Amino acid sequence: MKVAIIGLGLMGGSLGLCLKENKLISTVYGYDKSKENEKQALELQLVHELITLDKLEECDIVFLAVPVDAILELLQALKDISFKTTIIELGSTKRKIIESLPQSLKKNFISAHPMAGTENSGPKAAFKELYKDAVCVLCDSEVADDLHQKRAVEIFSHLGMRIVFMDSVAHDHHTAIISHLPHVISFSLANYVMKEEDKRNIAHLGGPSFKGMCRIAKSNPDMWGGIFEQNKENILSSIECFQKELDRCKKMLENADKDELYAWMKRANTLREIL
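What comes next concerns the included structure. Note that this is a predicted model, so its numbers are computed, not measured. Each chain carries its own residue numbering, running from 1 in the direction its sequence is written. A pLDDT threshold of at least 70 governs which residues receive local features in this predicted model, and a stricter bar of 80 or more applies before side-chain atom pairs are shown or counted, although totals over entire chains, interfaces and linings include all residues. In computing side-chain values, all of the structure's heavy atoms are included and hydrogens and water are not.

1. A closer look at the overall build of the protein
Condition: Secondary structure elements follow DSSP: runs of H or I of four or more residues count as helices, runs of E of two or more count as strands, with numbering from the N terminus. For each residue, the accessible area found with a 1.4 Å probe, counting protein chains only, is set against the maximum for its type, and the residue is called buried under 20%, exposed over 50%, and partly exposed in between. For this analysis, residues touch if any pair of their heavy atoms sits within 4.5 Å. For this count, His and the chain ends are skipped, Lys and Arg are scored as positive, and Asp and Glu as negative. Note on charges: their place is set at NZ of Lys, CZ of Arg, CG of Asp or CD of Glu.
Along the backbone of the protein there are 12 helices and 8 strands. Projected onto its principal axes, the C-alpha coordinates of the protein cover approximately 65 × 40 × 30 Å. Classification of the 275 residues of the protein by burial places 44% in the buried group. Within the protein, contacts between residues at least 6 apart in sequence are counted, and of these 72% link residues at least 24 apart. Once the 35 positive and 39 negative side-chain charges of the protein are each reduced to a mean point, those two points are 3 Å apart.

Have a look at this one:
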């Protein structure tokens, strides 16, 4: 098979490194709107060759590893592609992407969310182990023809991923709480600390806990801005619920209720058993 990856940053570049080792794939092509990214992808050998958008018809599978706003644009650009070509998008939101899907792509389109990533971006951030042992959520995949479903499952299984099936509405609800809200909190904490403290205090007192909390605040705004906008309603709801939990902590501190505060923290400790 011939595969094309649109978007050669962390997700697309790491995917290219993995797929180059798949014996069923003869060529991994790459495309990025940034010519610098394309140049780096070739130098780092993330893909075999570059490709232009008008040549995607020649590929068996096309991966969309770009920000969610760009996925919406690309789907319109690809609406006339052959029904034999599997289109797999890797966005972190699903409902709006699936709602915007052209009718001509409904049978060869797979909406996937690999639950993998780092705070780094660009081709130089790519590494082969990114997807290994991570979960890949396939949303509304039953709409696609069997050929395209099987290709997606086979590819993600080869990457060493655990596959979970979910509808797009449930996906966006759950990821708002478990994935998107932590980014909101991290961005907020980083901005708050920079307003309240000078650089020297941050550098001297920013220990492992602070660095861990703020790590994902280094994430690419171009990517996360689109995610926040597309999943706005779910994220706003999760922020509101989280604020209630903060208010609960505040009241326990105000009331000096040591027993309740201790029990509250102990309940939080049980999360590590799930993870």
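From this point, the narrative continues.
2. Quick notes on the pairing of strand β7 (residues 135-139)
Condition: Two strands are said to pair when DSSP picks up at least two bridges between them.
Summarising burial for β7: 5 of the 5 residues are buried, a large majority. Pairing of strand β6 (residues 109-114) with β7, which is carried by 4 bridges, proceeds in the antiparallel orientation. Across the sheet, Ala112 pairs through a bridge with Leu138, a residue of β7. In the sheet, β7 pairs with strand β8 (residues 162-166) via 5 bridges, with the strands oriented parallel. What sits directly across from Val135, in β8, is Arg162.

3. Some points on the packing of aromatic side chains
As a reminder of what qualifies: We call Phe, Tyr and Trp rings a pair once their centres come within 6.5 Å, taking the six-membered ring for Trp, and we label the pair stacked below 30 degrees between planes, edge-to-face above 60, and tilted otherwise.
Under the definition given, this model contains 3 aromatic pairs. Taking 6.4 Å as the distance between ring centres and 80 degrees as the angle between the ring planes, the aromatic pair formed by Phe63 and Phe156 counts as edge-to-face. Remark: Phe156 occurs in helix α5 (residues 146-158) and Phe63 occurs in strand β4 (residues 61-64); sequence separation between them is 93 residues. Classification of Phe63 by relative accessible area gives buried; the value is 0%. Counting every residue linked through ring pairs, the aromatic cluster contains Phe187, Trp224 and Phe228.

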